[in-house]
Structure formats: structure tokens, C-alpha cells
Amino acid sequence: MNDELPKAKRSGPFKTLFDNEASTLIQAAPDVYQIRFKNRAANAYLVVGSRRTILIDVGLSSNYQHLLACMNHVGVTPDKIDMVVLSHEHLDHIGAAYHFAGRCYIAAHRLAANKIMLRDDFSMLRKMFNEPNVPIDVDLWLEEGNLIDLGSFRLNVMHTPGHTSACITLFDQDKGLLFAADTLMPGGVMGGVFGSGSIADYIQSLERIKGLNSKILLSGHGRLSDTPQEDVRTAIQRSHGLLSDTAQLFDALDARSNFEPIMQSVRDLNKLDDS
Ligand SMILES: [Fe+2]
């Protein structure tokens, strides 16, 4: 194939299997692959278990053909995907999910599922991404404590809010695989606090992740990392910095005059409801 690298390239302990102008396929662990897109789409992950095969996030819909090309490189066709798990509601992670509608189960945390099913464009950041306005339906509403058993992988579903209210982290305890989406990225980079998110929730989620015996970090953006423990410690430091910056910003604002229009609109809304 022309767009294959002449030789497999290594970046740290991770091997690049395929690379073209739009995407890169990297082996994260045996039967676990990171699919990286060269635009604003989030990373997708292909996990090929002994009984079930899943994708964790799928990127933007415009990347679908490139997603398939990477899957095809390791012999996985779309009909072999049993489930697509969405880490949260942002469209850079979920846009291509509609291509899988009716072909496999689509799963997300119940708070993300609700936003996606109600077509909550503000929460999904539709304006940030030039995605077709097509429905994505979620078949399985996940909760903290669910387990996704692929046979040779057992992924624990952890509810890790902060980036948004609906973020999940998937963790394979035996293999130390940490699929942390936008909650934790290599180098301790944080995904920021959006819409329904909260910096305090974010800190608690990072503290929970710190307690895991993770070995490989598989994030929503950027490279793979084999130093997740270091990464999470850095992110926790940063998150406390962000919390104090937010508090200072809040102090600097005239809170009363900023909140008054919001409170008035709530009063007006309720007046209308009463009439
Ligand atoms: Fe996100």
C-alpha cells in the first residue's frame, strides 16, 4: 500500500502501523489501537477483545472513511464492531457515530445520552464543528460501575465529571489501560471545563484516577502516554491552579450586577408558567 510507512515507526514504546495524510494508526497494546486524525477530530480507539470488539469514540463524521481505513489495516470491518462507546457528548468525539446507527449498539453515560438524544447543540458544541445535523441515537445509557466485558478486556465504567457533567473513563484493571478521553491527557494537559462541567468535579475525578494502577493513558487528544501516574499528578496541580484563578476572577466581577439579569429572566420565565 502506498500510504504505508516504509518501516513501522516507533514513538516511545508505541508502534505506528499506518500513516497517511488524514490519519495515523498506532498500537497502544496487544489488540488495542489508537486512531489519530490530522484535523480537529478526537482520537478513536479500537479494542479487539476475544469475544467482542468495540470502538471508544469515533471522531468527526468527515473522518469516517479514514476511520474505516485504519480499522481495515488490522482486519476489522464495520460489521465486526459490537458497540461504540462515547466518552461524552462533544461532537469531535461522537460525530461519526451516526454511521454506526442500527449496525451496533451505541453507548454513553446517561447524562451524555440525554443531551445527545435531545439534540442539545449547545452541549454538543455543534457550532464549533462543521458537522451534519443528523441524529445520533444512544442505545445503552451507562452508569458508574457498569462493566464492559470483551472477553480478553474488562472495562470498568467510571463516571468522571468535570470537563462536562457526563464524562466517563474506561479502565481495564488487569492491563492498566486508562481511556480517559478529555479528562486527562499526556503531560497532565486538561480538557478544560465546558458547559455542564465543574472544576471541583474535575479535581475529584482526577483524584479518583490517581488512585488507579494505570500503565497506559489513552486520551481523547494527543499521543499515547506510558506515564499516566505522572500525568495525573501534573493535572491535579493544574486543576488547583485553575480553581484559584476562577475564584479570583469571580471576586473581581461584580457578582450582583452579573447575576441580576439571570435571576430576573428566571423570575420572568416562572411568571409566564404561572399564567
Ligand atoms: Fe470534550
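Residues numbered from 1 in each chain as written. Predicted model: local features only at pLDDT ≥ 70, side-chain atom pairs only at ≥ 80, totals over all residues.

Enquirer: Residues and numbers for the overall build of the protein, please.
Expert: Counting secondary structure elements, the protein contains 7 helices and 14 strands. Of all 275 residues assigned to the protein, the portion counted as buried reaches 41%. Long-range pairs, those at least 24 residues apart, make up 61% of the contacts in the protein with a sequence separation of at least 6. (Helix = DSSP H or I, 4+ residues; strand = E, 2+ residues; numbered from the N terminus. Buried ≥ 20, exposed ≤ 12 C-beta atoms within 10 Å, placed from the backbone. Contact = placed C-beta atoms within 7 Å.)

Enquirer: So what's going on with the environment of Phe153? Residues and values would help.
Expert: Mapping Phe153 onto the fold places it in the loop between strand 10 (147–149) and strand 11 (154–159). Overall, the presence of 23 C-beta atoms within 10 Å leaves Phe153 in the buried class. Between the C-alpha atoms of Phe153 and Gly49, which are 104 residues apart in sequence, the distance is 5.9 Å. In this structure Phe153 touches Val47, Gly49, Asp172 and Lys175, once residues within four positions along its chain are discounted.

Enquirer: Got a sec to walk through the sheet that holds strand 14 (residues 216–219)? Specific residues and values, please.
Expert: What the 5 strands build is an open sheet, ordered 10-11-12-13-14; its pairing is mixed. Both outer strands of the open sheet, strand 10 and strand 14, are each paired with one neighbouring strand and no more. The average angle at which neighbouring strand axes cross in this sheet is 20°, direction not considered. The sheet contact formed by strand 10 and strand 11 spans 3 bridges and is antiparallel. Bridge assignment links Leu147 to a residue of strand 11, and that residue is Asn156. (Pairing = 2+ DSSP bridges. Axes fitted to C-alpha atoms, helices over the stretch in contact; angles between N-to-C directions.)

Enquirer: Explain the environment of Ser50 to me, and be specific about the residues and the numbers.
Expert: Along the chain, Ser50 turns up in the loop between strand 5 (44–48) and strand 6 (53–56). Residue classification places Ser50 among the exposed residues on the basis of 10 C-beta atoms within 10 Å. The residues contacting Ser50, other than those within four sequence positions of it, are Gly151 and Ser152.

Enquirer: Can you lay out helix 1 (residues 64–73) for me, pointing to particular residues and giving the numbers?
Expert: Of all the positions in helix 1, only His66, Leu67, Cys70 and Met71 are classed as buried. All buried residues of helix 1 lie within an arc of 140° about the axis, which places them on one face of the element. The inward-facing, buried residues of helix 1 contact strand 2 (14–19), strand 3 (23–29), strand 4 (32–37) and strand 5. Following helix 1 by one or two positions, Gly75 adopts a phi angle in the positive range, close to 75°. (Arc of directions from axis to C-beta.)

Enquirer: Residue-level account of the confidence of the model for the protein, with values.
Expert: Across the protein, the average pLDDT comes to 91, with 88% of residues at 70 or higher. Low confidence marks residues 1–8, where pLDDT is under 50. Its contacts with residues over four positions away, or in another chain, come to 7 contacts. (pLDDT = per-residue confidence, 0-100.)

Enquirer: How would you explain the pairing of strand 4 if you had to name every residue and give the values?
Expert: Burial analysis of strand 4 places 6 of its 6 residues in the buried class, the great majority of the element. Residue alternation in strand 4 divides its side chains into two sets, Val32, Gln34 and Arg36 and Tyr33, Ile35 and Phe37, and both sets are buried. In this sheet, strand 4 lies alongside strand 3 in antiparallel orientation, the contact comprising 6 bridges. In the strand pairing of strand 4, Ile26 is matched with Gln34. In textbook terms, the turn of a hairpin is the stretch between consecutive antiparallel strands, and for strand 3 and strand 4 this stretch comprises 2 residues, one of which, Asp31, has a positive phi near 70°. Pairing of strand 4 with strand 5, which is carried by 4 bridges, proceeds in the antiparallel orientation. Pairing of Ile35 across the sheet is with Ala44, part of strand 5. If you look at the hairpin formed by strand 4 and strand 5, you'll find 6 residues sitting between the two strands.

Enquirer: Please set out the environment of Ser165 residue by residue, giving values where relevant.
Expert: The residue Ser165 is located in the loop between strand 11 and strand 12 (168–172) in this model. Residues Ser165 and His109, spaced 56 residues apart in sequence, show a C-alpha to C-alpha distance of 9.6 Å. In contact with Ser165, not counting residues within four places along its chain, are Leu111, Ser196 and Gly197.

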